[in-house]
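Chain by chain, the residues run as shown.
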Amino acid sequence: MSRILPLADLRPPRGTGGLGAPAVEGDDVAAGATVADARGRRLHDLRISVTDRCNFRCVYCMPKDVFGRDYPFLPHAALLTFEEIARVARAFTGLGVGKIRLTGGEPLLRKNLERLVAMLATMPVDLTLTTNGALLARKARPLADAGLKRVTVSLDALDDATFRAMGDTDTPVAQVLDGIDAASRAGLAPVKINAVIKRGVNEHAIVDLARRFRGTGHIVRFIEYMDVGATNGWRMDDVVPAAEILERVASVFPIEPADPNYAGEVALRWRYRDGAGEIGVIASVTQAFCRDCTRMRLSTDGKLYTCLFATEGHDLRELVRGGADDATLARAIAAVWRRRDDRYSEVRTAATPRERRIEMSYIGG
Ligand code: SF4
């Protein structure tokens, strides 16, 4: 299990500076200020995991032999309430966060999620959500009405056999496709479709997915198979490099590189030469992008993590429930970010130990 660091022990490192707007120095955090970590990266994105449960058992995230019937998921009382999440999110916006993504587990399993969306939608952020799509057909409209802007849907194959092999689920692909259509109709567009590609399992899905979503306005993003968590048995041989993914698409549909939408965009953009839209590749193994990583993660039970591959979290819930005022909350978050030195994907090797790693289903992908 992870180590949780008491926030009181955190002190900002000396001599760190930001890129662009100046970083906040010292203990005080001015409203609207930005905060930079030890490598000069500004805090800009917050991923909030609203549940550690999921209705799928994807082999790369929640393999069934580990996350079985007896797995000790968090009790309800341990979860941050919507009011607590909104309070923390507001503190983050005061530190320069402009983008919030709701994740899980599967976020649509959290009851009345629209209520949280409505609370977050009042803040000056780009508000998005990542889902496996199984419940999206009936949730898309209420979420859009509550103020959600866009969704990203995970979909690793278009044939049921491969989809079920990757997700270890009985959900048919058609149900996820219905969810994508519903999201599009509700205005949660462009819908992004994330496909994790694993060697020997779903390489054939690369061209299938490109073909299926060309010309729809949706954007398929192919993700290199990663060593997330401690339980997915990752090997470097499982990775289909982004360059190969692009070659496979280009062999059928000519593509050309497109400029990033903004500095630090995770996906590398490519567009179809015939104008039928674009795809993306997330080359987190072969072309790590830690140097531009501006993401902090808030776990379901209120721990802060500064990297997807973290082994240590920082307990914010203790502060929230202990009566800390907003300024104290902001100072604590800023202190965690200032100490951040993570660049896991840049230094990963096949021999990197994984046993103590936090599971992605707990801190959000
Ligand atoms: S490995 Fe960590 S620091 Fe690098 S991009 Fe991923 S989350 Fe960011």
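Figured I'd write up the structure that's included with this text. (Residues numbered from 1 in each chain as written. Predicted model: local features only at pLDDT ≥ 70, side-chain atom pairs only at ≥ 80, totals over all residues. Heavy atoms only, no water.)

Its location among the elements puts Ala-330 in helix α9 (residues 326-339). Distance from Ala-330 to Val-88, taken between C-alpha atoms, is 8.4 Å for residues 242 residues apart in sequence. (Helix = DSSP H or I, 4+ residues; strand = E, 2+ residues; numbered from the N terminus.)

Neighbouring residues of the ligand: Phe-289, Cys-290, Cys-293, Arg-295, Arg-297, Cys-307, Leu-308, Phe-309, Arg-340, Asp-342, Tyr-344 and Ser-345. Residue assignment for the shell around the ligand shows that the elements contributing at least two residues are β11 (295-298) and α10 (344-347). (Near = heavy atom within 4 Å.)

With respect to the helices, strands and loops of the structure, Thr-306 is situated in the loop between β12 (303-305) and β13 (312-315). Ignoring sequence-local partners within four residues, the contact set of Thr-306 consists of Arg-295, Met-296, Val-336, Arg-340 and Asp-342. (Contact = heavy atoms within 4.5 Å.)

Turning to helix α6 (residues 205-213), its buried residues are Ala-205, Ile-206, Val-207, Leu-209, Ala-210 and Phe-213. Against α5 (173-185), β6 (192-197), β7 (219-224), α7 (242-250) and β9 (268-272) lie the buried residues of α6. (Buried < 20%, exposed > 50% of the residue type's maximum accessible area, 1.4 Å probe, protein only.)

With respect to the helices, strands and loops of the structure, His-44 is situated in the loop between β1 (3-5) and β2 (45-49). Excluding anything up to four places from it in sequence, His-44 contacts Gly-96, Val-97, Gly-98, Lys-99 and Thr-294.

Turning to the pairing of β7, a few remarks are in order. Burial analysis of β7 places six of its six residues in the buried class, the great majority of the element. Of the two faces of β7, the one lined by Ile-219, Arg-221 and Ile-223 and the one lined by Val-220, Phe-222 and Glu-224 are each fully buried. In this sheet, β7 lies alongside β6 in parallel orientation, the contact comprising six bridges. Within β7, the residue paired with Ile-193 across the bridge is Val-220. (Pairing = 2+ DSSP bridges.)

Moving on to the pairing of strand β5 (residues 150-154). Two faces belong to every sheet, and in a regular strand the side chains alternate between them. In terms of burial, β5 is a largely internal element, four of the five residues being buried. Across four bridges, strand β4 (residues 126-131) lies against β5 in parallel orientation. In the strand pairing of β5, Leu-129 is matched with Val-151. With three bridges joining them, β5 and β6 adopt parallel strand pairing. When the bridges of β6 are listed, Ser-154 appears paired with Asn-194.

The subject of this paragraph is the packing of aromatic side chains. One pass over the structure, following the stated rule, counts six aromatic pairs. Taking the centre distance of 6.0 Å and the plane angle of 85° together, the rings of Phe-253 and Tyr-272 count as edge-to-face. Note that Phe-253 is positioned in the loop between α7 and β8 (255-257) and Tyr-272 in strand β9, a separation of 19 residues in sequence. Each member of the pair, Phe-253 together with Tyr-272, is buried. A cation over a ring is seen here: Arg-212 above Phe-213, with NZ or CZ 5.0 Å from the ring centre. Above the face of the Tyr-272 ring, Arg-214 is positioned so that its terminal group lies 4.8 Å from the ring centre. (Phe/Tyr/Trp six-rings, centres within 6.5 Å; stacked < 30°, edge-to-face > 60°. Lys NZ or Arg CZ within 6 Å of the ring centre and 35° of its normal.)

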